[in-house]
Structures are given as C-alpha cells and as structure tokens.
Amino acid sequence: MITLASLTPWTAPFARARAQFDTHAMHMRRVWSHRADVAFLSAWLIGVAAFVGLAVWCSHRYALPLDIRLTQWVQRLDRYPVADRVFGAVNNLGEFQFIAGVLLFSFIWLLLRGLRFEALTIAGTGALHYVQLAVRDLVHRPFDLQNPPWFNDALPQLRQWPGPDGFPSGHVFGEVAVYGLIFAYAHRAIPLRPLAWLVRAFCIAEIALGGPARMYTGAHWPSDVLGAALLALLYLALAWRLDRAITHVRGLADDHRHSVPRRSQTRPAVARGAPKTS
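Notes on the structure follow. (Residues numbered from 1 in each chain as written. Predicted model: local features only at pLDDT ≥ 70, side-chain atom pairs only at ≥ 80, totals over all residues. Heavy atoms only, no water.)

### Some points on the side chain of Thr121
To keep things clear, this is the line we draw: Only DSSP runs of H or I covering at least 4 residues are called helices, and only runs of E covering at least 2 are called strands; the numbering of each starts at the N terminus. Any two residues whose heavy atoms approach within 4.5 Å at even a single point are treated as in contact.
Along the chain, Thr121 turns up in helix α5 (residues 116–138). If we skip the residues at most four places from it in the chain, Thr121 touches Leu181, Tyr185, Tyr235 and Ala239.

Below, the structure written as structure tokens:
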C-alpha cells in the first residue's frame, strides 16, 4: 500500500513523520465517518420504530397515559387572559394555508439565492404532508359515541375533548418540518445577520408553542403532538445528513476552483522580439 509517507524521501525525517501523521489522520477520518453513518442509520431506524409503535398504541387507546392530565394542565391556562391571544396567534401561524404560503415563499427565495438543495428540501416537506395524511387515515382511536368519555365522572374533566382521528397532528408536523428547515437555512439565505436571528427566534417560538396550542384548543392529545413532531424530526434528520454531504461537496468544489489557476496565468510569457517556433 502506497501512502503519503512512502512518497516522502528518507532524507527529510520531519517531513516523513508529518506525512505519516496525515495518512493516519486520513484513515481515522474514514473509520469515524463509517461509524457515524452506522450510528445515524441505527438512530434513524429506532426513530421509525418508535413512530410506528406509537401509532399502533394510539390505534388501541382513545387516550394514552398522561394524555388527559397534560391536556387538562394546558387547558387550565385559560385563567390567564393572554393565553387565548397567544395560542390563537400560534394556531393561525400553523394553519395549512399559512404554512403552504411560507413553504412556497421559502422555496422561491432559496432558488433565487442559488441554494437549490435547500429549496428541494423545503419542497419535500410538502410531499411528506401526504404521508402524514395517510397515517391519519390508518390510525383510528377507539371511541364510543354512545358513551363518550366526558360522561365518565372517574376521568378528569376537560374544557374540550380531542377527536379520535387526530394522530398525527397536521399543524405540529408542518410547524416542526417547515419552520425547522427555515431555522437551519436562515443564516445562508438571509444576508442580514440580525434579520436571520430574528427569523430563527420566530421559528423556535412557533415550534415550541405549536403543540401546546393544539392541546389548548382541544384539537389534539399530547400523543398526537409527539407523533407529528417525531415524523417531522425523521425528515429533518435525513435533510441534515444530506446537507452535510452537500456542504462537503461544495467545499471541495470551491477548493478546486481556487486551486486551479486561470489559463491566462499559466501561459508562458514570450519575450518581446523573440522568434516564433513552428
């Protein structure tokens, strides 16, 4: 096997040692990259299994453990006058029409900035929305309309009970997926740093309050929120992994572009008055 150290003359011991170190570091980077790929794939498959397991569990229970307790705690925030305004605004920003508008605007803006991979990743959330709808059609929580849970005195009473067909939440999925990608790409797409950080702060607030806002209105259980966030995070994880690869390729292309001299610079200079050779 020919290494960098093999190409270094023995007359330069320090250069040979440095070459051996560079070769060892190159091998270690390859091993580490392989292990990181295996670890990422294992974690991603565990996330898929967790999402499938949660979906199956929800299909057998109207409310999972702690669903009622957590929803009751969030709905009790109505004693604060600001809760209605805050959660109402968050729910409006998570509506399908608003999310679709943000997605379309972000897609066009990223294309104009020359970020084609980022634009395709944003557009992919629109396609994944149909996966979320398909899962919702498959998961039906058991619900007895003749004996609804709000007539059961043994259960804590809620201001509004969620429906049986809410897994996973569409609002929360759109918020985590779209606003999560905007948070990741804001520093690339927005030249003004203060504006980029303002957009990122907005994305964090919307993602953090999106789930409680759906529980506050009684639209979804916490398990619906968790399932939607988990589905969105699976997509974000793939986008992050591909983004690392694309960023590496872009870095190599930039290095190659700067390392190759221009043709005019490499052309040998001809002395004035020198005869041309045929």
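### Brief notes about the nonpolar core
The criterion, for reference: Think of a nonpolar core as a cluster: buried Ala, Val, Leu, Ile, Met, Phe, Trp, Tyr and Cys residues, connected wherever their side-chain atoms sit within 4.5 Å. Only protein chains enter the accessibility calculation, which uses a 1.4 Å probe; a residue whose area is less than 20% of its type maximum is buried, one above 50% is exposed, and one in between is partly exposed.
Ranked by internal contacts, the top residues of the largest apolar core, which has 45 residues, are Leu110, Phe167, Phe173, Leu181 and Ile182. Mapped onto this core, the elements with two or more residues apiece are α1 (13–58), α3 (81–93), α4 (96–112), α5, α6 (170–189), α7 (193–216) and α8 (222–259). If one sorts the elements of this core by residue count, α6 sits on top with 10 residues. With sequence-adjacent residues up to four places away left out, Ile182 is seen in contact with Val102, Ser106, Ile122, Val199 and Cys203. Residues Tyr62, Ile68, Trp161 and Trp221 belong to the second largest nonpolar core, which totals 6 residues.

### Side note on α6
Selection rule: To estimate how far a helix should extend, the number of its residues minus one is multiplied by 1.5 Å. To obtain the bend at a residue, axes are fitted to the seven residues ending there and to the seven starting there, and the angle between these axes is taken. Definition of a polar contact: a pair of N or O atoms within 3.5 Å, with one able to donate and the other able to accept a hydrogen when the atoms are protein atoms, and with sequence-neighbouring residues admitted only if both atoms are side-chain atoms.
Compared with the 28 Å implied by 1.5 Å per residue over 20 residues, the 26 Å span of α6 between its first and last C-alpha is a close match. Approximately 35° is the largest bend angle found in α6, and it occurs at Phe183. Counting buried positions along α6 gives 15 out of 20 residues, so the element sits mostly inside the fold. Where α6 begins, the capping side chain belongs to Ser169, and its oxygen is found 3.5 Å from the backbone nitrogen of His171.

### Examining α3
Note the following rule: The arc in question is the one spanned by the directions pointing from the helix axis to the C-beta atoms.
Turning to α3, its buried residues are Ala83, Phe87, Val90 and Asn91. Considered in projection along α3, the buried side chains sweep an arc of 100° and stay on one side of the axis. What points out from α3, more than 90 degrees from its buried face, is the exposed set Pro81 and Arg85. The inward-facing, buried residues of α3 abut α6 and α7.

### Brief notes about the environment of Gln132
Tracing the backbone shows Gln132 in helix α5. The spatial distance from the C-alpha of Gln132 to the C-alpha of Gly174 is 9.7 Å, given a sequence separation of 42 residues. Setting aside anything within four residues of it in sequence, one finds Gln132 in contact with Pro168, Ser169, Gly170, Phe173 and Leu231.

### Digging into unusual backbone geometry
A cis amide bond links Phe167 with the next residue in sequence, Pro168, at an omega value of -10°. The topology assignment puts Pro168 in the loop between α5 and α6. Positioned with a positive phi, Leu66 is a non-glycine residue whose angle comes to about 75°. The exposure class of Leu66 is exposed, given its relative accessible area of 59%.

These values are about where atoms sit, not about what they do.
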